[in-house]
Amino acid sequence: MAQTTPVHPVDEVPPVRQLAAFGLQHVLAMYAGAVAVPLIVGGAMKLSPEDLAYLITADLLVCGIATLIQCIGFWRFGVRLPIMQGCTFAAVSPMVLIGTTGGGLPAIYGSVIVAGLAIMLLAPVFGRLLRFFPPLVTGTVILIIGISLLPVAGNWAAGGVGSADFGAPKNIALALFVLAVVLGVQRFAPSFLSRIAVLIGIVVGLAVAVPFGFTDFGGVGDADWVGISTPFHFGAPTFEFSAIVSMLVVALVTMTETTGDLIAVGEMTDRKVEPRSLSDGLRADGLSTVLGGIFNTFPYTAYAQNVGLVGMTRVRSRWVVATAGGILVVLGLLPKLGAVVAAIPAPVLGGAGLVMFGTVAASGLRTLTQVDFKGNNNLTVVAVSVAMGVLPVGVPTIYEKFPDWFQTVMNSGISAGCLTAIVLNLLFNHLPGKVRSAAPDPDGLAGGGVEETVEKPREEIV
């Protein structure tokens, strides 16, 4: 009898009903973040409601296409892991500045296209840097990703930033109710239902929110049934030097963030990311960003919230996320359906987000258990990297007096923490340094160990 080669869980294709449920769960987890970028940029440029709606549908369409490229892949494009793609928040401030200082949307799209091409060219370079991401660095970066996302879940739970009733007890209560439903389903429900615990929590939360007046379906009636995004809807792109430079900085930041996300998913799915697959994933990011500039939207990157969903549900199939990409394409072509999804109250998403984003942080801690912390400075690497990553999250205005390019890099807790972890790992573990005594520091604290023939034991000094 011929033996069939076992299929890796990443490549397994679940039954259609499971694909639909798991895929919808991923869409709901990232939808609010996906539409936030066009809303912020379009709002800052005072676009009309019709233009804002156009930006959102274009964004959803390209989100879906980008996700399909990343998950399914073709030739040297796509990491072929369960990675959800969406607009990067690192580009929001530069794009608002470009759009409001005379360049307008054409200047934004010109710089986005150049940035996408640059990402495709630089992808092989980043692939060769993978050796600088040992478990010490990857675990720290995954931990920072989770911690950086938790305030997002907190804002959702409170009602959403800018809402009139932000922080109202009813919002917190609804978020905690959804969290309780998610945990209850995950603990007590059968195996299949426990894997869609987030979806069930959101559906039950929405059912409770409707009679209590949390939802507003007014936008559903106003939305069109069909919407087609055409290339260069807002005019031919223009290429301004200053706009291109700022967007190239954003490209480096998004490549760093995507590298961390891809490594995190590789850890969670037991399919380690290799230099070639990392390059393929980044190259897909670049292609999606070019498509964004052509189809009236923005730069694209891997979405960390969906990384948390993969870790929480333990559903590792890339075809599940590819199905989510297909759902996004449909939502981008049918604005009325997109308006229905957009009506989900922020506290409902907040309750689900708390457990998803916490899962990302916990996954980072699990990776760090592989690291030896005795007799070395690894604890210092983790401590300082986490501090630098959390700093802009806890104090968002800390770098507002610095140049724009510096803010673009350091205002992202993920890129700030990732760069710090890489540099400190090189400093303490790769560069030649002082010779250390053989006796390890039992606590693994910074400063453990002493230089031989240089420092005498304390007893001799006394």
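Residues numbered from 1 in each chain as written. Predicted model: local features only at pLDDT ≥ 70, side-chain atom pairs only at ≥ 80, totals over all residues. Heavy atoms only, no water.

### A few points about the pattern of salt bridges
Then, in step 1: One pass over the full model with this rule turns up six salt bridges.
Then, in step 2: With a shortest N-O distance of 3.9 Å, Asp165 and Lys170 are connected by a salt bridge.
Then, in step 3: According to the relative accessible area criterion, Asp165 is partly exposed, its value standing at 30%.
Then, in step 4: Residues participating in the shared-partner salt-bridge network are Asp11, Arg271 and Arg318. (Salt bridge = Lys/Arg side-chain N within 4 Å of Asp/Glu carboxyl O. Buried < 20%, exposed > 50% of the residue type's maximum accessible area, 1.4 Å probe, protein only.)

### Description of unusual backbone geometry
Then, in step 1: The backbone of Trp75 sits at a positive phi, close to 45°, despite the residue not being glycine.
Then, in step 2: Mapping Trp75 onto the fold places it in the loop between helix 2 (49-72) and strand 1 (85-87).
Then, in step 3: One non-glycine residue with positive phi stands out, namely Asp270, at about 60°.
Then, in step 4: Exposure remark for Asp270: the relative accessible area of 58% places this residue in the exposed category. (Helix = DSSP H or I, 4+ residues; strand = E, 2+ residues; numbered from the N terminus.)

### Considerations on the packing of aromatic side chains
Then, in step 1: Going through the model one piece at a time under the given rule, you end up with seven aromatic pairs.
Then, in step 2: Here Trp75 and Phe77 contribute two aromatic rings whose centre-to-centre distance is 6.1 Å and whose plane-to-plane angle is 45°, an arrangement assigned as tilted.
Then, in step 3: Assessed through its relative accessible area of 11%, Phe77 is described here as buried.
Then, in step 4: Ring centres of Phe402 and Phe406 lie 4.7 Å apart, and the angle between their planes is 20°; this geometry places the pair in the stacked category. (Phe/Tyr/Trp six-rings, centres within 6.5 Å; stacked < 30°, edge-to-face > 60°.)

### A short note on the confidence of the model for the protein chain
As a general rule, the predicted coordinates of low-pLDDT regions are not to be interpreted in detail.
Then, in step 1: Predicted confidence across the protein chain gives a mean pLDDT of 80, with 88% of residues reaching 70 or more.
Then, in step 2: Averaged over each element, pLDDT in the protein chain is lowest for helix 19 (residues 458-461) (34) and highest for helix 11 (residues 275-294) (92).
Then, in step 3: Note on residues 442-462: pLDDT under 50 across the span, and 28 contacts to partners over four residues away in sequence or across chains. (pLDDT = per-residue confidence, 0-100. Contact = heavy atoms within 4.5 Å.)

### Digging into the environment of Thr254
Then, in step 1: With respect to the element layout, Thr254 can be found in helix 10 (residues 241-269).
Then, in step 2: For Thr254, a relative accessible area of 2% puts it in the buried group.
Then, in step 3: Along the sequence, Thr254 and Ala302 sit 48 residues apart, while their C-alpha atoms lie 8.6 Å from each other.
Then, in step 4: When neighbours within four sequence positions are excluded, Thr254 is seen to be in contact with Thr88, Ala90, Ile119 and Thr301.
Then, in step 5: Polar contacts involving the side chain of Thr254 include one to the main-chain carbonyl oxygen of Ala251, which spans 2.9 Å. (Polar contact = N/O pair within 3.5 Å; in protein donor to acceptor, adjacent residues only side chain to side chain.)

### Observations concerning the nonpolar core
Then, in step 1: Judged by nonpolar contacts, the single largest core of 104 residues is most densely connected at Ile108 and Phe298.
Then, in step 2: For this core, the element with the most residues is helix 1 (residues 16-44), which contributes twelve residues.
Then, in step 3: Excluding its chain neighbours within four sequence positions, the residues that come into contact with Phe298 are Val37, Pro38, Val41, Leu55, Cys87, Met95, Ile108, Tyr109, Val112 and Gly292.
Then, in step 4: With ten residues, the next largest nonpolar core counts Leu143, Ala361, Val382 and Leu424 among its residues. (Core = buried A, V, L, I, M, F, W, Y, C linked by side-chain atoms within 4.5 Å.)

### Thoughts on helix 5 (residues 135-157)
Then, in step 1: Across its 23 residues, helix 5 extends 32 Å between first and last C-alpha, which sits within 8% of the 33 Å expected from 1.5 Å per residue.
Then, in step 2: One or two residues past the end of helix 5 sits Gly159, with phi positive at roughly 120°. (Expected span 1.5 Å × (residues − 1).)

### Looking at the packing of helix 5 against helix 18 (residues 413-429)
Then, in step 1: Two numbers describe how helix 5 lies on helix 18: the axes approach to 9 Å, and their chain directions differ by 160°. Compared by their axis directions, helix 5 and helix 18 come out roughly antiparallel. Here helix 5 and helix 18 pass one another in a crossing that is right-handed. Along its contact with helix 5, which presents Leu136, Val137, Thr140, Val141, Ile144, Ile145 and Ser148, the element helix 18 presents Gly413, Ile414, Gly417, Cys418, Ala421, Ile422, Asn425 and Asn429.
Then, in step 2: Residues belonging to the contact of helix 5 with helix 18 are distributed by class as follows: nine nonpolar, six polar and no charged. (Axes fitted to C-alpha atoms, helices over the stretch in contact; angles between N-to-C directions. Parallel < 35°, antiparallel > 145°, perpendicular 65-115°, else oblique. Left-handed = near helix turned anticlockwise from the far one by under 90°. Nonpolar A, V, L, I, M, F, W, Y, C, P; charged D, E, K, R; others polar.)

### Some remarks on the state of the cysteines
Then, in step 1: A full pass over the atoms with the stated rule returns zero disulfides.
Then, in step 2: Lacking any disulfide linkage, Cys63 is separated from the closest cysteine sulfur, that of Cys87, by 5.3 Å.
Then, in step 3: Look at Cys63 and you get buried, because its relative accessible area is 0%. (Disulfide = S-S within 2.5 Å.)

### Some remarks on the packing of helix 4 (residues 104-128) against helix 10
Then, in step 1: At their nearest, the axes of helix 4 and helix 10 sit 8 Å apart, and the two run at 45° to each other. Comparing the axis directions of helix 4 and helix 10 gives the class oblique. The handedness of the crossing between helix 4 and helix 10 comes out as right-handed. Between helix 4, through Ala107, Ser111, Val112, Val114, Ala115, Ala118, Ile119, Leu122, Ala123 and Phe126, and helix 10, the contact on the second element is made entirely by Ala243, Ile244, Met247, Leu248, Ala251, Leu252, Thr254, Met255, Thr256 and Thr259.

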